[in-house]
Amino acid sequence: MTKTMSVLDRTQEETGPESEDDFVRALLSKMSLEDKIGQLQQVDASGDTISDALRDAVRAGKIGAIINQVDPSVCDAFQKIAVEESPHGIPLLIGRDVIHGFKTIFPIPLGQAATWNPELIEACARVSAEEASAAGVNWTFSPMIDISRDARWGRIAESFGEDPFLTATLGASMIRGYQGEDLSAPNTIAACAKHFVGYGASESGRDYDTTNIPLNELHNIYLPPFKAAADAGVATFMTSFGDIDGVPASGNEYILKNVLRESWQYDGLVVSDWDSVRQLSVHGLTDGDRNAAKEAVSAGVDMEMAGSAYAAHLADLVADGEIDLSRVNELTENVLRLKFRLGLFSAPYARPEACTLPCAQEKLDLAKQAAIESTVLLENKGGLLPLDASRMNRVAVIGPMSDQPYEQLGTWIFDGDEALSQTPLAAFRASLPAHVQLDYVQTLETTRARDTDDFEAAKLAATNADIAFVFLGEESILSGEAHSRADINLPGAQSALLEQLSATGTPVVCVIMAGRPLTISDVVENSDAVLFAWHGGTMSGPALYELIFGLASPSGRLPVTFPKMVGQIPIYYNHKSTGRPASDNQITHIDDIEVGAKQTSFGMTAFHLDAGFRPLFPFGFGLSYGKIVYDDLQLDRHQISPNESIRISARITNCGKYAASETAQLYIRDVAASVTRPVRELKSFQKIHLQPGETETVVFELTERDLAFYRRNKSVGTEPGEFQVWVGANADAGLTARFVLEA
Ligand code: GLC
């Protein structure tokens, strides 16, 4: 690629090395209003070639960014036109949804969250950035850090689950992985905190639906992960599709200006979601594209993704005095500043030489480790697992997710290489000792299939086997964007199949691959062991083999609550007490109600007659092959003043015969405050590894900052009073003590 004098070179030649602000202002001063508006457009550039219309638009400086082009030669061709032929030679942002991998696919983000391993997630994002930047991509629309409390919502798959602290921690890790230490380095890409804000609160889990989020919830639950992203230096934000209390995010001045710019002093770029500016009129906030553009610019959307409202109306809005030119300058500066930070003015082209080979062995090894650590052991009756393969003679592999290289990759994998995806069947065939006979019966063509013709063959295989390994779940299309479900049972005839396999009497190990929590009480009842593998990515198969046969130990912990039934939703651990909290002596099935029972015979509390109040599995839950015991909870003080911290420790012992990882979780409860506070809030966690018989003391430090919240007076801070603290294995367990924060 011939290197012409870049804009930066030319500018620096004229004025010498300069600061980011000097460079941006100098360039802006040369731009016409039309040039500036051109920078605010991101257009879809998918396809094998550059259309004449796109070529002309880039050449005229009417495009600031493209999306969905990942052929490095085409990306470079776009950049060459922009750099050498457009009025100011301004390079393009090239965006792609690199959500959980590019060529090498890692577990879906909800699965990665189950690792509770920030360093691992950062490493996976680093590999993703390397592979994507080699293709010419310099911007990903990830991490998705929407708090997700509703398993019906298809996009829970892309989230880190229901907790603000875990989501904030893991989102920051992913950002560090994408952006590295130097955003201008050849193998780093700009990250994007999305979808700002509250998208996961969509009514009934229906995607794109209305959200009604009171300020207290907005500030205490939905905003914290985005603040953590801003603090981690995330280069961009993306607005949500959602209507937030009547003002859709892409026109919402409170979140985009008051919170993001004024309170947080954020100076990165804000991009709309796909065509979400025009959709302001569909919502009914505006009456047409011109006013939609005006609302979005006024609120603070710098760049319009896949829409034309800015291109069509901004010049007129400025000419008519409805938008001040200074506003357009601010938006343009945010775009130019990002391009400067990315180093695009001096190095705009794809840099494959700076990136190791896609899907190289060390990347596949990382993908396997991520799949191992994301898998959650939900049930292990009689300690069935881990199995000793040498003692097997005949096994059955059954079910529609046993051998689905594409489906196990999960949602949002535009560029994943299905050919490299290793399934459980492939892994079992490759790894089982030669003397073990494997009988495979897919039984159901898809996870939605209801054809039971092969049930007899499956039952025969199970009957003849020492163990039946049953792989069930959801095809990837059943989760992700616009793919919400009103019923979150196993689809199709999978439950019926499992019930019949269980009836053979052969021990059943059931593995669920899905993009969301499912209502799987029947699976737990009809299996001897249950592993929840999410959509585990390229190396899901080998990971599951190693977990089942003890070459690895399950350490996943649920980042989201699993309901018993869909009618319990929303159900999440950090709920409010209510004035009538339920207790465990509530009935949980209407069959338990005696005939003629009196109106008040079950207690008047917050529960369901046919489900009780507890979930199937709580947030933070997961079993291991160890036998983990917590004891000796210690607080170094029981009263702290606002500027002091409190040291909390507990001893953890593995009393089992297998090595195990344990994720010790620290929760607090602010017992009384100016607004009601959750019955528990995760404030820290530590993942430790214990050999059989080994004991380790975990130590946590709580500071005033950890106790702060958005108070009734609309400020963030602490309030004196009593706090309860737990150290334990999940949100329903733990050793507990109390301390007082003094005034
Ligand atoms: C989609 C999604 C968003 C994604 C964007 C670009 O509609 O909402 O998460 O990054 O469009 O594909």
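These numbers come from a predicted model, not from an experiment.

1. What to know about the overall build of the protein
Helix and strand counts for the protein stand at 22 helices and 26 strands. At 27 Å, the protein has a C-alpha radius of gyration in line with the 27 Å of a compact globule built from 743 residues. By principal-axis analysis of the C-alpha atoms, the protein measures approximately 80 × 65 × 50 Å. Among the 743 residues that make up the protein, the fraction classed as buried is 60%.

2. Some points on the nonpolar core
The biggest cluster of nonpolar side chains holds 86 residues, and the ones touching the most others in it are Trp139, Phe196, Phe237 and Tyr310. Setting aside residues up to four positions removed in sequence, Phe196 forms contacts with Leu223, Phe226, Phe237, Met238, Thr239, Ser240, Ala249, Ile255, Leu256, Leu260 and Trp264. Core analysis: the second largest hydrophobic core is formed by 44 residues, Ala151, Ala468, Val523 and Val530 among them.

3. Here's the deal with the sheet that holds strand 5 (residues 192–196)
Read from one edge of the open sheet, three strands run 5-6-9, paired in parallel fashion. The two strands at the open ends of the sheet, each matched to only one other strand, are strand 5 and strand 9 (269–271). Direction aside, neighbouring strands of the sheet carry axes that sit 25 degrees apart on average. In this sheet, strand 9 lies alongside strand 6 (residues 236–239) in parallel orientation, the contact comprising three bridges. Pairing of Phe237 across the sheet is with Val270, part of strand 9.

4. Describing the site of the ligand
Close to the ligand lie 13 residues, the nearest being Asp97, Arg155, Lys194, His195 and Asp273. Between the ligand and the protein, one listed contact pairs an oxygen atom with a side-chain N or O atom of His195 at 2.6 Å. A distance of 2.6 Å separates an oxygen atom of the ligand from a polar side-chain atom of Asp273. Here the ligand has 310 Å² of accessible area as a free molecule, and 95% of this is covered by the chains. Split by residue class, the shell around the ligand holds seven nonpolar, one polar and five charged.

5. Overview of the sheet that holds strand 10 (residues 304–305)
Sheet architecture is open: five strands sit in the order 4-3-2-1-10, paired in parallel fashion. Strands at the two margins of the open sheet, each flanked by one partner only, are strand 4 (139–140) and strand 10. Pairing geometry for strand 2 (residues 65–67) and strand 3 (residues 93–96), over three bridges, is parallel. Note on strand 3: the bridge partner recorded for Ile66 is Ile94.

6. Re the pattern of salt bridges
In a structure, side chains of opposite charge can pair up when their charged atoms sit close to one another. This structure, assessed with the given rule, holds 41 salt bridges. Here Glu217 makes a salt bridge to Arg149, at a shortest N to O gap of 3.0 Å. With a gap of 68 residues between them, Glu217 in helix 9 (residues 215–222) and Arg149 in the loop between strand 4 and helix 8 (164–179) connect regions that are remote in the sequence. By relative accessible area, which is 18% here, Glu217 ends up buried. For Arg149, a relative accessible area of 10% puts it in the buried group. Close ionic contact of Asp439 with Arg394 constitutes a salt bridge, the shortest N to O distance being 2.7 Å. Of the two residues, Asp439 is situated in strand 13 (residues 437–441) and Arg394 in strand 12 (residues 394–398); the sequence distance between them amounts to 45 residues. Classification of Asp439 by relative accessible area gives buried; the value is 15%. Overall, the relative accessible area of 26% leaves Arg394 in the partly exposed class. Overlapping salt bridges bring together Glu20, Asp267, Arg337 and Arg341 as one network.

7. Looking at helix 4 (residues 52–59)
Along helix 4, the residues that are buried comprise Leu54, Ala57 and Val58. Take helix 4 and look down its axis: the buried residues cluster within an arc of 95 degrees, on one side only. Buried positions along helix 4 lie against strand 1 (41–44) and helix 5 (72–85). Gly61 lies just past helix 4 and shows a positive phi near 75 degrees.

8. Section: the packing of helix 13 (residues 289–299) against helix 14 (residues 309–319)
Helix 14 packs onto helix 13 with a crossing angle of 80 degrees between their chain directions and a minimal axis gap of 9 Å. The orientation of helix 13 relative to helix 14 falls into the category roughly perpendicular. Seen from helix 13, the contacting residues are Asp289, Arg290, Ala293, Lys294, Ala296 and Val297; seen from helix 14, they are Ala309, Tyr310, His313, Leu314, Asp316 and Leu317. When grouped by side-chain class, the residues that make up the contact of helix 13 with helix 14 number seven nonpolar, one polar and four charged.

9. Considering the domain arrangement of the protein
The assigned domain composition of the protein is domain 1 (366–548) and domain 2 (628–741). Relative placement of domain 1 and domain 2: their C-alpha centres are 36 Å apart.

10. Topic: the packing of helix 7 (residues 118–134) against helix 16 (residues 361–374)
The N-to-C vectors of helix 7 and helix 16 enclose an angle of 145 degrees; their axes lie 10 Å apart at closest approach. Considering only the axes of helix 7 and helix 16, their crossing is left-handed. For the pair helix 7 and helix 16, contact is made by Leu120, Ala123, Cys124, Val127, Glu130 and Glu131 and by Lys363, Leu366, Gln369, Ala370 and Glu373, respectively. Looking at the contact of helix 7 with helix 16, its residues break down into six nonpolar, one polar and four charged.

Each value, and the rule that gives it
Residues numbered from 1 in each chain as written. Predicted model: local features only at pLDDT ≥ 70, side-chain atom pairs only at ≥ 80, totals over all residues. Heavy atoms only, no water. Helix = DSSP H or I, 4+ residues; strand = E, 2+ residues; numbered from the N terminus. Rg over C-alpha atoms; globule rule 2.2 N^0.38 Å. Buried < 20%, exposed > 50% of the residue type's maximum accessible area, 1.4 Å probe, protein only. Core = buried A, V, L, I, M, F, W, Y, C linked by side-chain atoms within 4.5 Å. Contact = heavy atoms within 4.5 Å. Pairing = 2+ DSSP bridges. Axes fitted to C-alpha atoms, helices over the stretch in contact; angles between N-to-C directions. Near = heavy atom within 4 Å. Polar contact = N/O pair within 3.5 Å; in protein donor to acceptor, adjacent residues only side chain to side chain. Areas by Shrake-Rupley, 256 points an atom, 1.4 Å probe, with all protein chains shown as cover. Nonpolar A, V, L, I, M, F, W, Y, C, P; charged D, E, K, R; others polar. Salt bridge = Lys/Arg side-chain N within 4 Å of Asp/Glu carboxyl O. Arc of directions from axis to C-beta. Parallel < 35°, antiparallel > 145°, perpendicular 65-115°, else oblique. Domains from an automatic or database assignment. Left-handed = near helix turned anticlockwise from the far one by under 90°.

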